[in-house]
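In case you want the letters, here they are:
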Amino acid sequence: MKKNMSFVLMALFAIVFAACSKSADSPTTPPQSDNAAKVREYILKLGFPENQIVEHPTEFMVEGDISFPKNMKVPEGNLKSEQYYTGSTVTNVTNIRLKVDASLSGLSSEINSAIAQWNAIPNCSVNWVLTPTGPYDVLMTNANLGNGVCGAGTFPTNGVVGNLIRINAAYIAGNNFAQRARTICHELGHNISLRHTNWAAAGENPPGIDVPGVPGTDASSLMNAGQCGIGATVLSAKDILAAQSLYP
Ligand SMILES: [Zn+2]
């Protein structure tokens with residue numbers, strides 16, 4: 001989510017132009033970069049345009065708050081984009097174990113509130129379960145994502161829930177409780193494959209694909225982009241329908 005999209009986009013373009021001047025496919029690419037090149041190819045195959053891919057030392061970012069780690073396992077075989085959702089739905093787990101890093105202990109009430117919203121959806125097979133110790137599916141941690149980026153989620157790949165959520169705790173500290181919880185609730189949605197509901201207005205590519213039975217835009221959607229600090233704080237009726245449609 002972004003507070004100031006134009007500023008962020010300008011910064012992104014500057015970085016992308018710099019990144020474009022070197023070939024990711026060069027045979028001289030050192031071995032440790034091989035997987036990063038595969039990840040970049042995968043992002044392109046998903047349909048995201050080159051100029052929306054922002055390279056960071058350990059990851060690529062698209063649409064402001066979606067992370068593709070350079071060391072991720074790239075799915076093999078044919079890709080299909082599936083709401084405004086993308087990649088694949090989560091099929092490896094129904095009770096998603098979420099470990100919250102101690103760096104976010106100050107936001108535990110907001111995290112509980114965000115989880116409670118997803119878990120309150122009736123007839124939805126996916127739920128979030130806090131796992132203080134032991135194995136987990138998703139790690140949520142504090143991270144300085146820079147000015148304007150409130151949080152970052154990770155899409156599922158090959159049916160496996162996105163494994164990382166980062167929250168820019170210092171940046172959202174000035175927001176009220178409901179808006180801090182919104183940021184967390186929004187990123188949880190990305191990790192179960194939801195795209196930005198307002199992808200078209202936000203100029204995002206590839207086009208979002210309607211969640212079956214839940215087409216169109218929704219001003220009340222908590223999954224709208226670019227609304228950190230000002231957006232919906234409650235999952236909308238259509239957000240709930242989308243979750244029920246994807247995870248019956
Ligand atoms: Zn987002």
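Named according to an unreviewed UniProt entry, the protein chain is Dual-action HEIGH metallo-peptidase originating from Chitinophaga flava.

S.K.: So what exactly am I meant to see when it comes to the sheet that holds strand S8 (residues 164-167) here?
M.R.: Hydrogen bonds between backbone groups are what pair the strands of a sheet, and the pairing can be parallel or antiparallel. With mixed pairing, the 5 strands of this open sheet are ordered in space as S5-S4-S6-S8-S7. Whereas interior strands pair on both sides, the edge strands pair on one side only; in this sheet they are strand S5 (127-130) and strand S7 (151-152). Relative to strand S6 (residues 138-142), strand S4 (residues 95-100) is paired through 3 bridges, and the arrangement is parallel. Each bridged residue has a counterpart across the sheet, and for Lys 99 the counterpart in S6 is Leu 139.

S.K.: Before we go on, may I ask you to explain the coordination of the zinc ion in this structure?
M.R.: The textbook angles at a metal center are 109.5 degrees for a tetrahedron of four donors and 90 or 180 degrees for an octahedron of six. Note on the zinc ion: its protein donors are Asp 65 (OD), Asp 65 (OD), His 186 (NE2), His 190 (NE2) and His 196 (NE2). The metal-donor distances range over 2.0 to 2.6 Å. Linking His 186 in helix H5 (residues 177-191) with His 196 in the loop between H5 and helix H6 (237-246), this pair joins segments that are 10 residues apart in sequence.

S.K.: Help me out: how do you make sense of the pattern of salt bridges in this one?
M.R.: Pairing between side chains becomes possible if they bear opposite charge and their charged atoms approach one another. Within this structure, the stated rule accounts for 6 salt bridges. For Lys 70, the salt bridge identified is with Glu 55, shortest N-O distance 2.7 Å. Within this pair, whereas Lys 70 is found in the loop between strand S3 (66-69) and S4, its partner Glu 55 is found in strand S1 (residues 54-55), the two being separated by 15 residues in sequence. Of the residues examined, Lys 70 reaches a relative accessible area of 15% and is grouped as buried. Residue Arg 180 is joined to Glu 110 by a salt bridge in which the shortest nitrogen-to-oxygen separation is 2.7 Å. Placement of Arg 180 in helix H5 and of Glu 110 in helix H3 (residues 108-119) is noted, with a sequence separation of 70 residues between them.

S.K.: Is there a simple way to explain the sheet that holds S1 in this structure?
M.R.: Taken in spatial order, the 3 strands make up an open sheet running S1-S2-S3, and their pairing is antiparallel. Looking at strand neighbours, the two that pair on one side only are S1 and S3, the edges of this open sheet. The sheet strands contacting helix H2 (residues 34-45) are S1, strand S2 (59-62) and S3, and the helix crosses S2 at an angle near 15 degrees.

S.K.: Even after reading the chapter, I still don't get the pairing of S6, so can you show me in this structure?
M.R.: As judged from the 4 bridges shared by S6 and S8, these two strands associate in the parallel manner. Across the sheet, the residue bridging to Asn 142 is Ile 167, located in S8.

S.K.: Just to check I follow, could you spell out the state of the cysteines for this structure?
M.R.: Each disulfide is one covalent bond, formed between the sulfur atoms of two cysteines. For the structure shown, the criterion picks out 1 disulfide. Between the sulfur atoms of Cys 150 and its disulfide partner Cys 228 the distance amounts to 2.0 Å. Between Cys 150 and Cys 228, the S-S torsion sits near -105 degrees, and that sign places the bridge as left-handed. Placement of Cys 150 in the loop between S6 and S7 and of Cys 228 in the loop between H5 and H6 is noted, with a sequence separation of 78 residues between them. Neither Cys 150 nor Cys 228 differs from the other in exposure class; each is buried.

Cut-offs applied
Residues numbered from 1 in each chain as written. Predicted model: local features only at pLDDT ≥ 70, side-chain atom pairs only at ≥ 80, totals over all residues. Heavy atoms only, no water. Pairing = 2+ DSSP bridges. Helix = DSSP H or I, 4+ residues; strand = E, 2+ residues; numbered from the N terminus. Donors = N, O, S within 2.8 Å, 3.2 Å for Na, K, Ca; no water. Salt bridge = Lys/Arg side-chain N within 4 Å of Asp/Glu carboxyl O. Buried < 20%, exposed > 50% of the residue type's maximum accessible area, 1.4 Å probe, protein only. Contact = heavy atoms within 4.5 Å. Axes fitted to C-alpha atoms, helices over the stretch in contact; angles between N-to-C directions. Disulfide = S-S within 2.5 Å.

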